[in-house]
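# Secondary and tertiary structure notes
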Amino acid sequence: MKIDKIVVKIASRCNINCSYCYMYNLGDLSYKLQPKFIESTTTENFVKKILSHLLENKIDALGIIIHGGEPLLMNKSEFEIFINHFNILKDNKIKVFFYLQTNAILIDNEWCKLFKKYDINIGVSLDGEKNENDKFRVDKNGNGTYEKVINGIQVLKNNNLSTGILSVMNLQSDPIEYYNHFKSLNLKSVEILLLDANYDTKDSVFNNIISPAEWYIEIFNKWYSEDKQNYRIRLFDMIIKEIIGENQSLDSLGISENNVLVLETNGDLEAVDVLKACGDSFTKNGININTHEIDEISKSELIDVYYNSGKYLPRKCLACPVQEICGGGYLPHRYSSLNGFNNPTIYCDDLLRLITHIQNAVIDSLPIELKIETGISKLTYEDAKIIIEKKLSDITDPEYTSKLESFKNDKYKLFSNVKE
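Residues numbered from 1 in each chain as written. Predicted model: local features only at pLDDT ≥ 70, side-chain atom pairs only at ≥ 80, totals over all residues. Heavy atoms only, no water.

Turning our eyes to something else, we now look at the pattern of salt bridges. Within this structure, the stated rule accounts for 24 salt bridges. With a shortest N-O distance of 3.2 Å, Lys311 and Glu257 are connected by a salt bridge. Of this pair, Lys311 sits in the loop between helix 10 (301–307) and helix 11 (315–318) while Glu257 sits in the loop between helix 9 (234–243) and strand 8 (260–263), and the two are 54 residues apart along the sequence. Classification of Lys311 as partly exposed rests on a relative accessible area of 37%. The partner of Asp268 in a salt bridge is Lys284, with the nearest N and O atoms 3.3 Å apart. Of this pair, Asp268 sits in the loop between strand 8 and strand 9 (269–270) while Lys284 sits in the loop between strand 9 and helix 10, and the two are 16 residues apart along the sequence. The two residues Asp268 and Lys284 agree in class, both being buried. Here the salt bridges share partners, and the residues they tie into one network are Glu264, Asp268, Glu270, Lys276 and Lys284. (Salt bridge = Lys/Arg side-chain N within 4 Å of Asp/Glu carboxyl O. Helix = DSSP H or I, 4+ residues; strand = E, 2+ residues; numbered from the N terminus. Buried < 20%, exposed > 50% of the residue type's maximum accessible area, 1.4 Å probe, protein only.)

What follows is the structure, encoded as structure tokens:
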């Protein structure tokens, strides 16, 4: 496995209490056993070992996504010490790109100076206009956080720092009003995430009048016709690039390897932390940067399945004509206690509707001469469903099926996903 992106949890606690949070409110309690902040010795050990991994695999760039909890709970002086540990990589001609995801409530001018000093890209979490955001993103007393987040965004703007928004879709909101709200903030981009759920919890998602696909398509149509040149919505942008043949690095789309690892505050090396929503301590594997080398992550079957989630696909995905664009969707959304990860994503139908809709919109925008020359043609959602039904009976269970099903709830125990 070649790893070139690390989500570093520098803080394991948060100053707010989002109702849908996979870290604190979906059943995983392992955060209570974690140090509140990453220790300097843990960061030092990580940097030394990731340097060896990068050099051995001839990787010349590393993305560090600074995360939590809320990362800005860390003391500013300790934060600088954390960042400066990575100088050893730069001394070895490794480019280091820093990204930080925050709820923005703690941002002040001093933080902005540090962001500028270390060239840190900032992402802010916000779920729409005030009434919608404050239904879910609340503080520990149940009060809405919208005004404080907007204040943090304004501090970033006052310091000439641009930011993008990370938002969780809200099917109860009007999609156009939702979209227009983010446009009004004059930010560089927005990423609209599907609500994290799986087969065991999906009833919390699919109980609305509008489907996720319909909700996304309304936003896409407005964005594609009016704003695609000036304003980035990452999901749509990624799907379009996949449609035209560009492989994109996004663990919820496409068939590329997921070269991403999570470093917890205690030094544990784990797969993407959204998998915590699959069960208490689900991501724990006994591999720790203080006692293991980076390459030992290959011992974790969960990391292996996540790393190859665009290739380890269930039968239905293998029959699908858009599988190389979709890549089976996000691995955490495929989980069930009955079959482990041997399921299509709970959003399978929605992604098929969305991708075929976007693909046809792209084809409609091509010059007629190019369409004739390439022979490219539209694929409707209905035709895609027929193709899947016809091909499915000819596809047998692939050899990796047992890996996907090894995470059934009745068999899954703490550390059981670590190979001997």
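Here we come to the packing of aromatic side chains. In total, this model carries 21 aromatic pairs according to the counting rule given. Look at Phe86 and Phe98: their rings are 5.5 Å apart centre to centre, the planes differ by 85°, and that puts the pair in the edge-to-face class. Pair noted here: Phe86 is in the loop between helix 2 (76–84) and helix 3 (87–91) and Phe98 is in strand 3 (residues 95–102), with a separation of 12 residues, a long-range link. Owing to a relative accessible area of 2%, Phe98 belongs among the buried residues under this scheme. Geometry around Tyr224 places Lys228 over its ring, the cationic atom sitting 4.4 Å from the centre. (Phe/Tyr/Trp six-rings, centres within 6.5 Å; stacked < 30°, edge-to-face > 60°. Lys NZ or Arg CZ within 6 Å of the ring centre and 35° of its normal.)

A word on helix 13 (residues 348–364). Between its first and last C-alpha, helix 13 extends 24 Å over 17 residues, near the 24 Å set by a 1.5 Å rise per residue. Most of helix 13 is tucked away: 13 of the 17 residues are buried. (Expected span 1.5 Å × (residues − 1).)

Within a regular strand, the side chains alternate between the two sheet faces. Of all five residues in strand 6 (residues 189–193), four are buried; the element is thus mostly enclosed. Taken together, strand 5 (residues 163–168), helix 7 (residues 175–184) and strand 6 constitute a β-α-β crossover, and its handedness is right-handed. Across two bridges, the pairing between strand 6 and strand 7 (residues 232–233) is parallel. Residue pairing across strands places Ser189 opposite Arg232, the latter belonging to strand 7. Read as a crossover between parallel neighbours, the route from strand 6 over helix 8 (residues 212–226) to strand 7 is right-handed. (Right-handed = clockwise from strand over helix to strand, strands pointing away. Pairing = 2+ DSSP bridges.)

Here we come to the confidence of the model for the protein. With 96% of its residues at a pLDDT of at least 70, the protein reaches an overall mean of 90. When the criterion is pLDDT under 50, residues 411–420 qualifies, and its contacts beyond four places in sequence or with other chains add up to 28 contacts. (pLDDT = per-residue confidence, 0-100. Contact = heavy atoms within 4.5 Å.)

This part covers the sheet that holds strand 6. Pairing within the open sheet is mixed, and its nine strands lie in the order 7-6-5-4-3-2-1-8-9. Two strands in the sheet have a free side with no partner beyond their single neighbour: strand 7 and strand 9. Where helix 1 (residues 40–56) meets the sheet, its contacts fall on strand 1 (5–9), strand 2 (61–67) and strand 8, and the angle it forms with strand 2 comes to roughly 145°. Each of strand 6 and strand 7 is contacted by helix 8, which is oriented at about 160° to strand 6, the strand it contacts most. (Axes fitted to C-alpha atoms, helices over the stretch in contact; angles between N-to-C directions.)

For the rest of this paragraph, the subject is the environment of Asp4. Within the secondary structure, Asp4 is located in the segment before strand 1. Once the C-alpha coordinates of Asp4 and Lys95 are considered, the two residues, 91 residues apart in sequence, prove to be 11 Å apart. Residues in contact with Asp4, not counting those within four places in the same chain, are Ile59, Ala61, Leu62, Gly63 and Asn259. Within the structure, the side chain of Asp4 is placed 3.3 Å from the side chain of Lys5, a separation counted as a polar contact. (Polar contact = N/O pair within 3.5 Å; in protein donor to acceptor, adjacent residues only side chain to side chain.)

Our next topic: unusual backbone geometry. Along the chain, Gly68 connects to Gly69 via a cis peptide bond; the corresponding omega equals 15°. Mapped onto the fold, Gly69 is located in the loop between strand 2 and helix 2. Located in the positive-phi region is Ala104, a residue other than glycine, with phi close to 75°. Here Ala104 lies in the loop between strand 3 and helix 4 (109–117). One non-glycine residue, Ser281, adopts positive backbone phi at about 60°. Relative to the elements of secondary structure, Ser281 occurs in the loop between strand 9 and helix 10. Note on Ser281: relative accessible area 17%, which makes it buried.

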